Every structure is written in C-alpha cells, then in structure tokens.
Amino acid sequence: MNHWRVIDTGLRPAAQNIALNRALLEARQAEEIPSTLRFLRFTPSALLGYHQSAEQELNLDYCREHGIAVQRRITGGGAIYFDETQIGWELYLHKRDLGTADMQRISRRICHAAATAISALGVDARFRPRNDIEVDGRKISGTGGAFDGDALMFQGTLLIEFDVEKMLRVLRIPAEKLSDKAIASARERVANLRDLLGRRPDAALIRSNMVEAFESEFGVEFGDGDLTLSEDQRYRAALREIDHPDWVGLVNRPVADMPILEAAQKFAGGLLRAAVTFDVQTQTLRQVWFTGDFFANPRRAVADLEAALRDLPLARLEQKVEWFFASRAVDMLTLTPADFVAVVRLALKQPLLASNP
Amino acid sequence: MSSVKGCNIPDDLYYNVDSNVWARKEADGTVTIGMTAYAAALAGQVVSCTPKKVGRSVEQNKSAATVESGKWVGPVKAPVSGEVVAVNDALSSAPGTINSDPYGSGWMVKMKPANWDADSAALVTGGAVAAAFEAKMNAEGFAGCGA
C-alpha cells in the first residue's frame, strides 16, 4: 500500500500559506515528497484568483481599515475572504495517483471524496459542478487547483462559522447588496458547519474524516509528517517572491474595465433592479444582483439565479435565464424570465459602458 | 494533418509531448508556440491566458504562459529557449480561441529561438507524432477529443 503524508501547518498569514502552496507543489513535482494532505488556516485575508486584479475584485479601503491582508493565490477561480472561521484542506498529488489527466475528472473525484468526509460529520454534502461542495444547495466548500508538469495541488475551504457579511464587505459589490435583506439572502447561499450541526465541530474529527475519505478514495494510508528541509528551502525562496507587492499586483487591470452597471425597470409583476459587474474586455457578466419590489417563491430562487449567471458570456444570457426557470418551479406572480433579461440588458446600456469600447 | 483519437495533431509541427505543447518555425526565423488540441481537451474551456511579456527570456521547458480553466491554473512550457518577441493579445478578450483553434488563432507567444537546431532535436515531428501522442493518451486514460 502507498503511504502518503498528512501535515497541519496551523494558523498563518496568507503570504506564508501561498508560499507553502508553491513550495509543496514544486517539491512534489521534483519527487522530493510523497503525495500529501495539508490542513491550514488563515489570519484574515482577501485572496484573489491567480488571474484576478485586486482593484477590480476587492474593497481595498475596507481591507486596509480592517487589517485584512490582500494576497494572490496560485490557483484559479474567484476572490474569497478567508479567516479563522474556516479550515483549508489541500492535496498535493502526482498525475499517476489519479489515472487520468482530465482536469474536470480530477476535480470531481477529489470533491466527491471531500464531500464524503464532510457528510460523515452528519450533514448531506455533495459535489456541485464545477467546483463546489454543497449542503442542500448551500455552498460549504469552494475549491481550485494548480498544476506544474506531473504534479498538481487541489485546495478547498470548509466553512465552520463563516461571517458572510464580512465577506461581502471585503469584495467589490454594489452598496445596496449590504442591506440587511441582501445580507440575509447571501447567507441563504452559504452553509456553516456550526449552524448545520448546532455546535462547533471538532477540528480533529474533521481532519480524521478527511484522512479516511482520501485513504479510501485512493487506496492509500496516511502518516503524520512535518515539512522537510527541501520544502523549507523552497518555501523561503517562494516567500521572498510572494510576500511582495509585485506578486499581489501581478495582474493589475483598471476598475474602468469592469464597471458595476445598474438599472431599474417597472414590469407588470413589480419593480426589478439589476446591478451587473461587467467585464468589458471579454464581454462577460462577472456577477449580477437583483433587488426591487417583486414576489418570488422560493425566496432563494433569486440568489440561485444570481449564482447561475456568474461568469457568463453576455451572448448566452437569454439561453441561461430560460434554462434556469425551465429547470425549477418558481412562483413570481406575473413577473417573467424575460423581465430579468430585460433589466440586465438595460443596465448594460449605461453610459459608462459606452466610454469603455 | 493528423488525427489521434479524434484530436487534431498536425504532423508538420514540432512537439514536446510531455508538456503537450507545439512549436512552428516561421519563415522569419521566429518560433510560434501554443497548446495542443489534446492539452486543450484535458484543460476544458480556457478562461484566462497570461503570456510572458515581450522581451523576456524563457528557458526551454519553463513557463511561457499561464492558463486557467475550470479553476485550474498551470504553465504552458516553452518547447525551446529564447526571447519572447510577440504575444497573442487577442487571447485576453477571447481565451476560448485556444480550445477552438489551438494551432491557428489560439497561438500564445512567438519567440526568437536561442538555439533552434539544438533545442528542436529534443522535439517530435513528422511521422513519429501520431504514435507518440497515442502512447501518451493511452497512458493517461484518455478516451478521445469530443468523447
């Protein structure tokens, strides 16, 4: 049986955690370490996806005022807020551990095992394509990956008693999404283990469940370990690069290339407002928020629609909204799916867009 | 033109099969590089591509560009050493071109090769291409492009 290593690097600032990502991935690629499961925690940090720009994604004033570190991950996906109310888990693997080089299949396999581990705590956690783990449609773990040659690193969060309001304040979003109602709606999209279980889960139990689930998935046995000398050397070199403004500013795009555009329109079914973060360069809806004075049941349908429209090429808006309402029962009285499309289209016609050809 | 398990792998290009990248020697002496159709199929829809900047030197098998797909980030490794002399700016607004036209409009960077003759000797081209990729696909349990 193959022996893999499990390590826990404890509570650290973001720069150290990201530098360890780089160091362990390099060490795995160089075959200096066995495949490894790492647990980690963060002091308050706003973490950008590798290709994201801090100005476009974050409320940098808020981060500064509240001592929240801004860092860039080596993995893809969107900006997140990470603090002591979450646990991080990561796998460092060789492609031969997986029997496939298909990145989507690798994500699915790891997420299924992680969902099994979370479910063993007494909740019904499931993988949701493309990269989340959910409990009853509420996100409990977001994930992402990085690879280099034959080595890969896949990482996830696990929400224990996550502060949704703080996350919203860290991200660059329209002001009205910070109303009590909007925050309550955002909370409905997120699942905290503490709320689900009615008590704070035991961290040691979470770790042992994860270990067991990955042992069973990959047919291996984990043993406790520590960072090796070669990892420590690689870590020190990586930290010099990553704990530096040049790394955080590696991608630096102006806010003007990603305006937040807003519109309101009165329909027979009520007043509908849309705020849209729009990537002008790729003509992509990065995020859409709906508010207004209208009826929708179930209430979370609006938050689900917002989630379905994330990172959507504008050309596919009509098709996606149509699919969304065709695939579930939502009672909106006389408000129609076409009304949602219309108000988003109206927002995109705002003058700011015209000034950013 | 050559097809391996439904993936287009032209046999007139030069490949580093391990890195899943191609190189084409242009008439002006530069070398154009990009990801293979097989690499694009493994990655899924590419959502971002950041090439190294013009003027930067890149060693053979070091990262010439970074791509993201399905929240995965990884390097595209230069098949030869050289200096980046042009990058495909169109990819920043349309990264999906890497999937739809990996050997044409989905090219990533052009390099001025430091030593094409020596570096290209390590690459696979011509009649050996199909067999090399078929072996790689079999080893990686790949069903086929479009499968």
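What counts and what doesn't
Residues numbered from 1 in each chain as written. Chains lettered and ligands numbered in written order. Predicted model: local features only at pLDDT ≥ 70, side-chain atom pairs only at ≥ 80, totals over all residues. Heavy atoms only, no water. Buried < 20%, exposed > 50% of the residue type's maximum accessible area, 1.4 Å probe, protein only. Helix = DSSP H or I, 4+ residues; strand = E, 2+ residues; numbered from the N terminus. Pairing = 2+ DSSP bridges. Disulfide = S-S within 2.5 Å. Domains from an automatic or database assignment. Contact = heavy atoms within 4.5 Å. Buried area = accessible area lost by both parts, 1.4 Å probe. Salt bridge = Lys/Arg side-chain N within 4 Å of Asp/Glu carboxyl O. Polar contact = N/O pair within 3.5 Å; in protein donor to acceptor, adjacent residues only side chain to side chain. Nonpolar A, V, L, I, M, F, W, Y, C, P; charged D, E, K, R; others polar.

Novice: What is the right way to read the pairing of strand S3 (residues 45-48) of chain A from this model?
Specialist: Residues in a regular strand point their side chains to alternate faces of the sheet. All names here are of chain A. Residues Ser45 and Leu47 point to one face of S3 and Ala46 and Leu48 to the other, with burial holding for every one of them. Examined bridge by bridge, S3 and strand S4 (residues 69-72) share four bridges and lie parallel to one another. Within S4, the residue paired with Leu47 across the bridge is Gln71. Relative to strand S5 (residues 80-82), S3 is paired through three bridges, and the arrangement is antiparallel. Along S5, the bridge assignment pairs Ser45 with Phe82.

Novice: Where do I start with the state of the cysteines in this structure?
Specialist: A disulfide bridge is the covalent bond that connects two cysteines by way of their sulfur atoms. Residue and element names in this part refer to chain B. Counting across every chain of the model gives one disulfide over all chains. Here Cys7 connects covalently by a disulfide to Cys145, the sulfurs 1.9 Å from one another. In this structure, the disulfide formed by Cys7 and Cys145 twists by about 100° around the S-S bond and is classed as right-handed. Placement of Cys7 in strand S2 (residues 7-8) and of Cys145 in the segment after helix H5 (129-139) is noted, with a sequence separation of 138 residues between them. On the basis of relative accessible area, Cys7 is assigned to the buried category, the value being 0%. With relative accessibility at 22%, the residue Cys145 sits in the partly exposed group.

Novice: Hey, could you run me through the domain arrangement of chain A in this one?
Specialist: Interface size is often expressed as the accessible area that is lost when the parts come together. All names here are of chain A. Looking at chain A, the domain boundaries give domain 1 (2-248) and domain 2 (255-354). Of note, the centres of domain 1 and domain 2, computed from C-alpha atoms alone, are 29 Å apart. The interface of domain 1 with domain 2 comprises 16 residues on the first partner and 19 residues on the second. For domain 1, the biggest contributors to the area lost against domain 2 are Arg172, Glu188 and Arg189; these three give 37% of the whole. Arg286 is paired through a salt bridge with Glu57; the nearest N and O atoms lie 3.3 Å apart. Remark: the boundary between domain 1 and domain 2 carries three residue pairs in polar contact (both at pLDDT 80 or more). For the side of domain 1 that touches domain 2, the secondary structure elements donating two or more residues are helix H2 (54-57) and helix H6 (180-187). Per element, the largest residue contribution to the side of domain 1 that touches domain 2 is three residues, and it comes from H2. Of the residues that constitute the side of domain 1 that touches domain 2, the class distribution is two nonpolar, four polar and ten charged.

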